[in-house]
Amino acid sequence: MAFTGGDSTLPHQDREEELSEPNTSLSSFINSRLNSSTPRSRQSSPANSPRPGPSRFSFADRSCDSKYDSSFHGFNIFGCLLDQKKQKPRQQRARRKVGKVWYGMKRVKGIVILIFLLGLFLLVDWIMLSRLQNHGIHPKARSSTNSASVSARKGWKKFGKGKSAHKGIYGRMLALAAHALAEGQNKPEPKDLWLEPFIPASSWKPCADQRNWEPNEGKNGYILVTANGGMNQQRVAVCNAVVLARLLNATLVVPKFLYSSVWKDVSQFRDIYQEEHFINYLSQDIRIVKELPKELGSLDLKSIGSIITDEDIRKEAKPSFYLKNVLPILLKNGVVHFLGFGNRLAFDPIPFQLQRLRCRCNFHALQFAPKIQETGALILQRLRHHESHPGGPLDHYLVGSYAEAFKRQNQSHPKKASRYLALHLRFEIDMVAHSLCEFGGGEEERKELEAYREIHFPALTLLKKTTKLPSPQELRSEGLCPLTPEESILMLAALGFNRKTRIFVAGSQIYGGRSRLIALTNLYPKLVTKENLLSPTELEPFANFSSQLAALDYIGCAAADAFAMTDSGSQLSSLVSGFRIYYGGGKMATIRPNKRRLASIFTKNSTIEWRIFEQRVRKAVRQTKHVQTRPKGRSVYRYPRCKECMCRTE
């Protein structure tokens, strides 16, 4: 898609306009000084037009006016002087006056020449500055960023053929960021950039694996679950289904995943997770089987009323709802099928052990399938520059035994540790279209997103026609729009990440195409995605399986030394940030921007100075960087610091 619009404001526009003003008014300024001694306040009115003041050839005596010689276009001075030979006193006075006027004229000439030279210099400077800024690079940063930008563009050439870097409304800010990064590439980064508040964070330890009950027999019947959405939504649904099986004393059939026209992935549970590990690990909590018994598998579940959809259950329903409305159906028919099951179980109020089971499922029972683990370990190895990384519980959980295999492989080639930052860009077309926001693409963008909504979000399209919804400007001011790639990279630059930072970008199917990422690589040449890190042969087994590709992004983000989310409502960001809290030991920094505060900063993108921008962004982000226990009613997957999931050591 071709984006239109943009910000033509230059980094020093105000300064240039101020300095170029003498050029535009130079002739009037000179005329006023030569032709008049009248104060400026009187020259503004035609009624106060000044008479011609004394010139080099004028005298106080007006008797010479009649001797005007048209052939010389001036006064016939010689004739006038012969007629006035005997008027010596007057002549002496006139000469003294002429001397004063001549001295004044020399001063005026000097001022005029000085102003002319200054104006010429500023004009040339302005032309050169404009040419450099039109290329998006501040003149001081051009020399230091040129070589890195060329190599970055070559690396992305195959993704954005014929397309220039997309800058949208942030061309000016990206130029300022490039200048700041070039000047500060050897400066130390802020001390807290890669750190969490360690002492309070490290006092929480994982303990969701602890049990205090007997296994559930599952004798009340069977629960079928078909989860909708992408990989992360399905993960939440699986954990909720495990809790429901325990609550209803039912046997859980290994969940199935519903095919989505948005995600277009036919992957099932065994394609993403280790089925045997899931069954065995939770065997002390609930009974899990792979298939329904034959006698139940032949039933028409719809005709007997055993199919329950999301429309039948309100969002985050309490356990009492299931005991009252679902358990009777289960006891009567022996089976219940939750079709399209999503976020339909409340986080509060819920019994302590059921909440702990929820955490146990998410943080322990769901381990990725071997092929995902192997490729995920390969991504981590390349992100860490083939370093024999110490890993730990988090690496072991994410990639299993493959972490040790790569560690042994690299022991003969030890290298300095290489840390990296993971950035989740939640800027796919479905997110962009559903947000109802605008992103600088003009009328073409509006038409494209509206067409997408009509196909994939018909209910939203109908709502737009029947209800007055907030405008895109109102949504943005409230922080309800996803951060664009340009806003995300400006945030990282303002926080102090230097040009040498290795950045892994998850969610790389960016709306607007790869050309949007070129602007990012101009600032951070070491920015990569899984598509860069893996060869076509290594990626081929995951082609057309968006959920399995999302699992690779999950691994790359969860294992990062620092993780920056751009949309706190994203399921992947929520799950990854919670995972890093649970297994990170207080050492894994997570950047959680307050989009509402950032929106107020970004609205000033055409005028704000970079130093002020840095200060405001750092303040907005630091205010969210604290150790927080789970608020009531909030997700245990995102906020695992609660007594059900983690235990305090002090």
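Residues numbered from 1 in each chain as written. Predicted model: local features only at pLDDT ≥ 70, side-chain atom pairs only at ≥ 80, totals over all residues. Heavy atoms only, no water.

J.: With reference to specific residues and values, describe helix α20 (residues 442-456).
T.: In an α-helix, one turn spans 3.6 residues, which is why side chains three or four residues apart end up on the same side. Here α20 is 15 residues long and its end C-alpha atoms lie 21 Å apart, about the 21 Å a rise of 1.5 Å per residue gives. All of the buried residues along α20 are Glu-445, Leu-449, Tyr-452 and Arg-453. End-on, the buried residues of α20 take up no more than an arc of 100°, which puts them together on one face. Exposed residues lying more than 90 degrees from the buried face of α20 are Lys-447 and Ile-455. Next to the buried residues of α20 lie α19 (429-435) and α21 (458-466). (Helix = DSSP H or I, 4+ residues; strand = E, 2+ residues; numbered from the N terminus. Expected span 1.5 Å × (residues − 1). Buried < 20%, exposed > 50% of the residue type's maximum accessible area, 1.4 Å probe, protein only. Arc of directions from axis to C-beta. Contact = heavy atoms within 4.5 Å.)

J.: Account for the pattern of salt bridges, naming residues and giving values.
T.: Applying the stated rule across the entire model yields 24 salt bridges. A salt bridge links Glu-275 to Arg-270, with the shortest nitrogen-to-oxygen separation between them at 3.8 Å. Here Arg-596 ties to Glu-478 by a salt bridge, and the two come within 3.6 Å at their closest N and O atoms. With Arg-596 in helix α29 (residues 595-602) and Glu-478 in the loop between α22 (472-477) and α23 (485-495), this pair connects stretches of sequence that are 118 residues apart. (Salt bridge = Lys/Arg side-chain N within 4 Å of Asp/Glu carboxyl O.)

J.: Any details on the sheet that holds strand β13 (residues 562-565)? Residues and values, ideally.
T.: Pairing is parallel in the open sheet, where five strands are placed in the order β12-β11-β10-β13-β14. Either end of the sheet is taken by a strand with one partner, and the two such strands are β12 (527-528) and β14 (589-591). For strand β11 (residues 503-506) and β12, the ladder comprises two bridges, and the chain directions are parallel. Of the residues in β12, the one forming a bridge with Ile-503 is Leu-527. (Pairing = 2+ DSSP bridges.)

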